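As a plain string of letters, each chain reads:
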Amino acid sequence: MGTSLVVTSGKGGVGKTTSSANIGTALALAGKRVVLLDLDIGLRNLDAVLGLSNRIIYDIVDVANGRARLHQALIKDKRFDDNLYLLPAPQNADKDALTPQQVAAVVAELKPDFDYIILDSPAGIEQGFRNAVAGADGAILITTPEISAVSDADRVVGLIEQHPMSIKPRLIINRIRPHMQTDGSAMDIDEITRHLGIDLLGIITDDDEVIATSNNGKTVVMDPDNAASRGYRDVARRIMGESVPLGQLEEKKRGFWSRLFHRD
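Below: a short report on this structure.

The rules behind the values
- Residues numbered from 1 in each chain as written.
- Predicted model: local features only at pLDDT ≥ 70, side-chain atom pairs only at ≥ 80, totals over all residues.
- Heavy atoms only, no water.
- Buried < 20%, exposed > 50% of the residue type's maximum accessible area, 1.4 Å probe, protein only.
- Helix = DSSP H or I, 4+ residues; strand = E, 2+ residues; numbered from the N terminus.
- Pairing = 2+ DSSP bridges.
- Axes fitted to C-alpha atoms, helices over the stretch in contact; angles between N-to-C directions.
- Left-handed = near helix turned anticlockwise from the far one by under 90°.
- Contact = heavy atoms within 4.5 Å.
- Phe/Tyr/Trp six-rings, centres within 6.5 Å; stacked < 30°, edge-to-face > 60°.
- Lys NZ or Arg CZ within 6 Å of the ring centre and 35° of its normal.
- Core = buried A, V, L, I, M, F, W, Y, C linked by side-chain atoms within 4.5 Å.
- Polar contact = N/O pair within 3.5 Å; in protein donor to acceptor, adjacent residues only side chain to side chain.

1. Here's the deal with the pairing of strand S4 (residues 84-87)
Side-chain alternation along S4 places Leu-84 and Leu-86 on one buried face and Tyr-85 and Leu-87 on a second face that is also buried. Two elements, strand S2 (residues 34-38) and S4, share 4 bridges in a ladder whose sense is parallel. Looking across to S4, one finds that Leu-36 is bridged to Leu-86. By the bridge criterion, 2 bridges tie strand S3 (residues 75-76) to S4 in an arrangement that is antiparallel. Considered in S4, the bridge of Lys-76 is made with Tyr-85.

This is the structure:
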């Protein structure tokens, strides 16, 4: 039986959908059968990031409401043999077009055939979030080293804890700029992790290639020499249970939280 993981965030614009696509692709490259579920009803983006928009016929709402069978709605990404599939969201539907029970039922139907089901949750804490966590065995929280993003992520941690899962939630800190970590102008990775109180799954460096590849319907993990690609590949290895050391950034004397709350 497969493992279902919701990828979520409090704040929009932190790279959640891009992370979902890259994590799913990295797992597929590692030989796992993966399906990505876009649960951002009415504002789907995962198909565009993967370059699969022109192949959509049916979507998850069609499946949930019996207008299509699951195999009819699944889109196979032919670049990854039989390892990567997408179940898209509708572009013209209300956000309440799905219920948590329907999402859980779709995930349960997928589990026998896939190793990993990645649920791309919309940002925020409303209906889309409730739908996504209903079908999840575990959660991956995406944030960036900005106080607004971390503050919103803290709220999401509390909500995730209200939905018991078999796998503890884990954190990815996205868009890390090493020079800002070194000079103390960005929030410190260790302090963010301690503040949120969940284990760190990975750090992803800020890289223009992430945007460039997404705009071309590709994922950055397809370039093994890229730093962000290596970050996502390491995340995938940790998800699979491998022990992979986290890359170390140069330690600075004083962190963001210390400077914020203990001014000289």
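Resuming the write-up.
2. A closer look at the packing of helix H7 (residues 147-160) against helix H9 (residues 189-196)
Contact geometry of H7 with H9 gives a least axis separation of 10 Å together with a crossing angle of 30 degrees. In this structure, H7 crosses over H9, and the sense of that crossing is right-handed. Taking contact as the criterion, the partners of Val-150, Ala-153, Asp-154 and Val-157 in H7 are, on H9, Ile-192, His-195 and Leu-196.

3. Here we look at the packing of aromatic side chains
Two aromatic rings are characterised by how far apart their centres lie and by the angle between their planes. Under the counting rule described, the total for this entry stands at 1 aromatic pair. Between Tyr-85 and Phe-114, the aromatic rings sit 5.5 Å apart at their centres with planes inclined by 75 degrees, giving edge-to-face as the arrangement. Of this pair, Tyr-85 sits in strand S4 while Phe-114 sits in the loop between helix H5 (100-110) and strand S5 (116-120), and the two are 29 residues apart along the sequence. As far as the burial class goes, Tyr-85 and Phe-114 line up, both buried. The ring of Phe-114 carries Arg-33 above its face, with NZ or CZ at 4.7 Å from the centroid.

4. Things to note about the nonpolar core
Judged by nonpolar contacts, the single largest core of 44 residues is most densely connected at Leu-37, Ile-60, Leu-87 and Leu-110. Counting residues per element, this core draws most heavily on H7, which supplies 6 residues. Discounting residues that sit within four places of it in the chain, Ile-60 has contacts with Leu-37, Asp-38, Leu-39, Ile-41, Leu-87, Pro-88, Ala-89, Pro-90, Leu-98 and Val-106. Judged by nonpolar contacts, the second largest core, of 35 residues, contains Val-34, Val-49, Tyr-116 and Ile-142.

5. Some words on the environment of Arg-55
By the element assignment, Arg-55 lies in the loop between helix H2 (46-50) and helix H3 (60-64). Classification of Arg-55 as partly exposed rests on a relative accessible area of 32%. Each C-alpha atom of the pair Arg-55 and Ile-117 lies 20 Å from the other, and the pair is 62 residues apart in sequence. For Arg-55, the residues in contact, after removing those within four places along its chain, are Ile-75, Lys-76 and Lys-78. Engagement of the side chain of Arg-55 in a polar contact is seen with the backbone oxygen of Lys-76, the distance being 2.6 Å.

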